[in-house]
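Below, each chain spelled out in residue letters.
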Amino acid sequence: MKPLEQLVRPNIWSLAPYSSARNEYSGHEAHVFLDANENPYNKPLNRYPDPLQLDLKEKLSKVKRIPSNKIFLGNGSDEAIDLVYRIFCEPQKDNVVAIEPTYGMYKVCAEINNVGYNPVLLDENYQMSADKILNVCNKDTKVIWICSPNNPTGNNLDREEIIKVLTNFDGIVVIDEAYSDFSTEKPFRIDLGLYPNMIVLNTMSKAWGCAAIRLGMAFANESIIELFNKVKYPYNINLLTQQQALISLQDTFEVEKWVTTLLQERTRLIRAFSDLDQCIKIYPTDANFFLAKMTDAPTIYNYLVNEGIIVRNRHKVTLCENCLRVTVGTKTENNELLAALRKL
Ligand SMILES: *Cc1c(COP(=O)(O)O)cnc(C)c1O
């Protein structure tokens, strides 16, 4: 890995971050707060929330087995994705490399930040070749985006290939593990200590059932986390989100039950789905959704919309011609989907 100073944008490296009222007194006990122009009434909403979310990180640290100082929390993983560009990628100069097809936000954020985006096609099994990825990198490539289990394909990428990218690339490698709670493979998060250039993304939006509160996280070595903290908005995680996340994290048992149920339903749904005349193939999945190649995805998609059932039409995505991405729902929802398709 190159020294961080060479990877970070010069303006970010030299940035003096905003110092909030709450940063400045830290370390002292206090009970009268007349420093932040808050309203003294309307407790507890009157006070700015903890800018570094320390209570929540302590709890997450236990659940995720990552030290608190290696955790960044964002307004969804999407904030972390955007910050990676703003920290490492000089607009109009630097570029990133990503697998294709994958999650759409990596590309959208590249375009917003005016950073070059180089997609590298997966093979016909939706697997990644480390050599192909590394060959596309040049001296201005700052970041490689990997998503495993991948969206919209559902599969885990080959572990050896990911490790090859991590160990041979001298810039930042982001591994988005939004779906790792559904996967049987060991998450890369656990190996954080082995790869100083790795950033792992997690989210409360999928297995944890909290898409509404908008809480995503990045795990990385402390010096990278410090950069995230420097660039983020001072109070990026609101109080209600911090409180609700603490409550939800109390109930890891409930999450495990959801995951078990969803994986059982996934098996059942995939079996029934493959028997449909309109289904040509279902791709292997390690997530709470699957990708199905259909006879005519757009027509089936529109038919389902008219029935009040929404799946994701991925027909226009590279390598996903005539594919629908189906999220596993409750047993009742899945049965409704199957019933609608059977009468088509
Ligand atoms: C759903 C999803 C996310 C989650 O994004 P949030 O902003 O945390 O809701 C991140 N990455 C991938 C690949 C996803 O599919």
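This text follows the structure it describes.
Residues numbered from 1 in each chain as written. Predicted model: local features only at pLDDT ≥ 70, side-chain atom pairs only at ≥ 80, totals over all residues. Heavy atoms only, no water.

Asks: Explain the pairing of strand 8 (residues 279-282) to me, using residue names and the numbers behind them.
Replies: Sheet analysis places strand 8 next to strand 9 (residues 289-294), joined by three bridges and oriented antiparallel. Residue pairing across strands places K281 opposite K293, the latter belonging to strand 9. Hairpin geometry of strand 8 and strand 9 is characterised by an intervening segment of six residues between the two adjacent antiparallel strands. (Pairing = 2+ DSSP bridges. Helix = DSSP H or I, 4+ residues; strand = E, 2+ residues; numbered from the N terminus.)

Asks: Any details on unusual backbone geometry? Residues and values, ideally.
Replies: Negative phi is the rule for most residues except glycine; trans is the rule for most peptide bonds. With an omega dihedral of 0 degrees, the bond running from E100 to P101 counts as a cis peptide bond. For P101, the position within the fold is in the loop between strand 2 (95-100) and helix 6 (105-112). Its identity as a non-glycine residue notwithstanding, N42 has a phi of 70 degrees, on the positive side. Here N42 lies in the loop between helix 3 (21-24) and helix 4 (54-64). Classification of N42 as exposed rests on a relative accessible area of 57%. The phi torsion at R65 lies on the positive side, around 60 degrees, for a residue other than glycine. Position of R65 relative to the elements: it lies in the loop between helix 4 and strand 1 (71-74). What makes R65 exposed here is its relative accessible area of 63%. (Buried < 20%, exposed > 50% of the residue type's maximum accessible area, 1.4 Å probe, protein only.)

Asks: Give me the lowdown on the pattern of salt bridges, citing residues and values where you can.
Replies: One pass over the full model with this rule turns up 16 salt bridges. Notably, a salt bridge pairs D78 with R214, separated by 3.9 Å at the nearest N-O pair. Here the residue D78 occupies a position in helix 5 (residues 77-88), and R214 occupies one in the loop between strand 6 (198-203) and strand 7 (216-219), the gap between them amounting to 136 residues. (Salt bridge = Lys/Arg side-chain N within 4 Å of Asp/Glu carboxyl O.)

Asks: Provide a residue-level description of the packing of aromatic side chains, including the pertinent values.
Replies: Following the criterion strictly, the structure yields eight aromatic pairs and no others. Ring plane angle 20 degrees and centroid distance 4.5 Å describe the contact between Y48 and Y235, whose orientation is recorded as stacked. Of this pair, Y48 sits in the loop between helix 3 and helix 4 while Y235 sits in the loop between helix 9 (222-231) and helix 10 (239-250), and the two are 187 residues apart along the sequence. The class of Y48 is partly exposed, set by a relative accessible area of 42%. (Phe/Tyr/Trp six-rings, centres within 6.5 Å; stacked < 30°, edge-to-face > 60°.)

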